[in-house]
Structures are given as C-alpha cells and as structure tokens.
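Chain and residue survey
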Amino acid sequence: MRSPSLLSRPWFHLSLGLSFSLLIFLGDALHFFEPQELGFTDLRFRLRPPRLPHEDIVVVEIDNESVSRVGHWPWPRSYHAALLKTLGSYRPRLVLYDVLFTEASTDPDADRLFAVALRDAGNVILPFFFQSEKPWTAFFPLAPFREAARYTGYVNIFSDPDARIRKIRLSIQPEEKPYYHTSVMAVLSQFQEKGEAEEWLKRIPVDRENSFWVNYPGDFSLFRRVSFAQLMENREGSEEELGRLFEGKVVIVGQTATGGGDFRPTPFSP
C-alpha cells in the first residue's frame, strides 16, 4: 500500500501554518515590514486625487524675507505683540502661534507688551514641549504668557524610522492631567460644550501609541500663506482684502526661514 505523501499529512499543514503565523508575528514585532508598509502609504497619498487644504487655514510665515528685513532670530517680543495687534484688527477665529516663549528676553518691557497683546487677543494658543514623561519635564511659556493665552498645547512630534512625519500623538497624561497637541487644541478650543468636545475626541481613530494619521492634502505650497514682513508692511493688499483673508479663520504663525526647524519630511516632501 502506498504511504501518504508529506503534503497530505495533517501535522505538516499544522506545522506550516504555525510557522507562517510565527514569521508574521515576529515580522510585525520587529517592524520588519514597516518600511514597505510606510512606502505604500506614501504611494497611496501621491496616487490619490489632489485635495485643497481647508479653506479656513491661513499661514503667516516667518520666512527668509521676514528675517532679512526684521533682523536675526530671535526677534524682540514687541514684534510678536505688533503682529497679534495687526491680526486682531482682521478678527481671526483663532491664532496658533507656533513659536516657543519659554524664557524671559533681555527686554522686560517687550515681554510685558507681548503678554498684554496675548490677553487682548484672547484667542491665541501657545506651544510648549516636554523632554520626558517619567519624570515629567516640560518647558512651558513664561507664566505671564501662559496665563494670558487662551490655551497651551505641546508641539513634540515623533517621526517614523525614515524620519518622515505621518502621525501626531493625540495627548499625553502626566500627573493625572491630560495635555493635547497644539493641532488638537486648535479644534478643541472651538467647542462651547465640554460634552461635545469629549465626543469629538472619542471619534479620533488612534493606534496603540495614542497617535492618529495626518491626512495631508498635499505639499506645503498648497496652503494660503502670507509673509510676516509683507503683512506688517501692509503689502498683501487692501484692508478689505486682508479682512476677507483672515476674518473667522485659523491663523498659524510659524517659521519657514532656512534653519528655522519647523520643516520636516512628509509623504509629499523630503
């Protein structure tokens, strides 16, 4: 009688299945497939039909021209106070001022001017960053700035192994108090009811590291951008045009000048 072949034996199929499952498990645990997965994620972004950024977002950029005209960074706090005052006249809904103000400057009067401008605006989110969670070590804006700002949020970001930014960590919770990323705070600050804000947070799909994917519309060049210098010198158009540009919008102020540090690799740009 002919003996059954190896391929027809049940134990062989079981062993083959277990071995294959073990390889998949080890590959996932050791992030063996991660580069391929991230590469395909970027490819899907680029193959997707083009999208425009949200119409309510305007970027005021501290660009090379601004640094050239205003002077070397960091600038006196009086310049930031002047920008907030200028923006305030156009009634933006929110200003996310993506500049760290963690130390006192050499000009106390300028610091006071900035604190007053923050309080008068009433709609500014300031960033902080943390160095470690355990123990909790964070660098917040100066107390007068933090008290005058509407909210503070952290700006720490964590890149993938290829240095690209694809995810944002939703929140951290040291010392029994949650802190949210500035991008999340920009949305949370617009809720009037605490219950509505909590329901919105629950709907954000996060992974086991409490991070969500950034749905990039495309390259940074797609966003509506205004130079800090041009805005302060009123070279961006008439008062009516600037009013239409900023009124009711979320304004992000950040550095795009060479060496500023705010540009990071994304699926659309190295």
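Everything below is about the structure printed above this text.
These notes cover the structure that comes with them. Because the structure is predicted, anything quoted here is derived from the model rather than measured. (Residues numbered from 1 in each chain as written. Predicted model: local features only at pLDDT ≥ 70, side-chain atom pairs only at ≥ 80, totals over all residues. Heavy atoms only, no water.)

1. A word on helix α5 (residues 108–121)
Relative to the 20 Å expected for 14 residues at 1.5 Å per residue, α5 spans 20 Å between its end C-alpha atoms, a close match to the ideal helical length. Listing the buried residues of α5 in full gives A110, D111, F114, A115, A117 and L118. End-on view of α5: buried residues confined to an arc of 160°, all on one side of the axis. Its buried side turned inward, α5 meets α4 (77–88), β3 (124–132) and α6 (143–148). One side-chain oxygen of the residue at the start of α5 lies 3.1 Å from the amide nitrogen of D109, identifying that residue as D107. Count one or two residues on from α5 and you reach G122, which has phi positive near 70°. (Helix = DSSP H or I, 4+ residues; strand = E, 2+ residues; numbered from the N terminus. Expected span 1.5 Å × (residues − 1). Buried < 20%, exposed > 50% of the residue type's maximum accessible area, 1.4 Å probe, protein only. Arc of directions from axis to C-beta. Contact = heavy atoms within 4.5 Å. Polar contact = N/O pair within 3.5 Å; in protein donor to acceptor, adjacent residues only side chain to side chain.)

2. Focus: the environment of L52
Tracing the backbone shows L52 in the loop between α2 (34–47) and β1 (57–62). Owing to a relative accessible area of 72%, L52 belongs among the exposed residues under this scheme.

3. Considerations on the packing of α4 against α5
Packing of α4 against α5 brings their axes to within 7 Å, and their N-to-C directions diverge by 20°. The orientation of α4 relative to α5 falls into the category roughly parallel. Here the hand of the crossing between α4 and α5 comes out left-handed. In this structure, α4 uses R77, S78, H80, A81 and L84 to contact α5, whose residues at the interface are A110, D111, L113, F114, A117 and L118. Its residues assigned to classes, the contact of α4 with α5 comprises 7 nonpolar, 2 polar and 2 charged. (Axes fitted to C-alpha atoms, helices over the stretch in contact; angles between N-to-C directions. Parallel < 35°, antiparallel > 145°, perpendicular 65-115°, else oblique. Left-handed = near helix turned anticlockwise from the far one by under 90°. Nonpolar A, V, L, I, M, F, W, Y, C, P; charged D, E, K, R; others polar.)

By themselves, these figures tell us nothing about what the structure is for.
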